[in-house]
Amino acid sequence: MTDASHRGRLRALVVEDDATLGTQVTQVLTSLGHQVVGHVLTGRAGLDILDAPGAAVDVVLIDHHLPDAGGGLDLLDAIHA
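Residues numbered from 1 in each chain as written. Predicted model: local features only at pLDDT ≥ 70, side-chain atom pairs only at ≥ 80, totals over all residues. Heavy atoms only, no water.

1. A short note on the sheet that holds strand 2 (residues 35–40)
- Strand order in the open sheet formed by three strands is 2-1-3, and the pairing between neighbours is parallel. Edge strands, defined here as strands with exactly one partner in the open sheet, are strand 2 and strand 3 (59–62). Direction aside, the axes of adjacent strands within the sheet are offset by 20° on average.
- Pairing of strand 1 (residues 11–15) with strand 3 involves four bridges; the strand directions are parallel. Bridge pairing links valine 14 to leucine 61 in strand 3.
- Lying over the sheet, helix 3 (residues 72–80) contacts strand 1 and strand 3, oriented at roughly 160° with respect to strand 3. (Pairing = 2+ DSSP bridges. Helix = DSSP H or I, 4+ residues; strand = E, 2+ residues; numbered from the N terminus. Axes fitted to C-alpha atoms, helices over the stretch in contact; angles between N-to-C directions. Contact = heavy atoms within 4.5 Å.)

Take a look at the structure:
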């Protein structure tokens, strides 16, 4: 982020299969002044967002136990690949 108006403001992606918890995390991040670019329920959906042209995400909050792709650690490995 080079725009001074965004200093300290993170663009976050929430990957959480529990819709209620994901909504709560989104609300907390938003109340702290951060931008949530998405809340998705699966690792595959998270990768789709991250792989999209022009994706701008500073931080990804990942549930350790996701129903697809072997869970959050596999998603983390895919992000690092």
